[in-house]
Amino acid sequence: MKKVFTFNKKKHWFSSEPDLELLNQQLEELQNQGLVVESVTPVANLLGTIDSYVILLSDQK
């Protein structure tokens, strides 16, 4: 089974980019639960700054 989710939590309300430390922590927790991270794709706005990340996960089966 594959799952897709977006990550867009920011460190501060005025920050322009997502919190990469929190993203890495959450990805590590998901891997410990047995999920495999297949891809992490940045999503940019019209100005070229990264607004969020799209993550594709799958089971280890």
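Provided above is the structure to which this section pertains.
Residues numbered from 1 in each chain as written. Predicted model: local features only at pLDDT ≥ 70, side-chain atom pairs only at ≥ 80, totals over all residues. Heavy atoms only, no water.

Caption draft 1: Examining the overall build of the chain more closely. When its secondary structure is counted, the chain shows one helix and three strands. Taken from the N to the C terminus, the helices and strands of the chain come in the order β-α-β-β. Each principal axis of the C-alpha distribution contributes one length, and for the chain these read about 40 × 20 × 10 Å. When each of the 61 residues of the chain is scored for burial, the buried share is 20%. Here the contacts in the chain between residues at least 6 apart in sequence split such that 47% fall between residues at least 24 apart. Total accessible area on the chain stands at roughly 4,600 Å², and carbon and sulfur atoms take up 53% of it. Of the side-chain charges in the chain, 6 are positive and 8 negative, and the distance between the mean point of each set is 6 Å. (Helix = DSSP H or I, 4+ residues; strand = E, 2+ residues; numbered from the N terminus. Buried < 20%, exposed > 50% of the residue type's maximum accessible area, 1.4 Å probe, protein only. Contact = heavy atoms within 4.5 Å. Areas by Shrake-Rupley, 256 points an atom, 1.4 Å probe, with all protein chains shown as cover. Lys, Arg positive; Asp, Glu negative; His and termini not counted. Charge placed at Lys NZ, Arg CZ, Asp CG, Glu CD.)

Caption draft 2: Quick peek at the pairing of strand β3 (residues 50-59). The pairing of strand β1 (residues 2-7) with β3 spans six bridges and is antiparallel. Opposite Lys 2, over in β3, you have Ser 58 as the bridge partner. Both strand β2 (residues 35-44) and β3 contribute to a ladder of nine bridges, which runs antiparallel. Bridge assignment links Val 36 to a residue of β3, and that residue is Ser 58. Between β2 and β3, which pair antiparallel and follow one another directly, the connecting turn spans five residues, one of which, Gly 48, has a positive phi of 95 degrees. (Pairing = 2+ DSSP bridges.)

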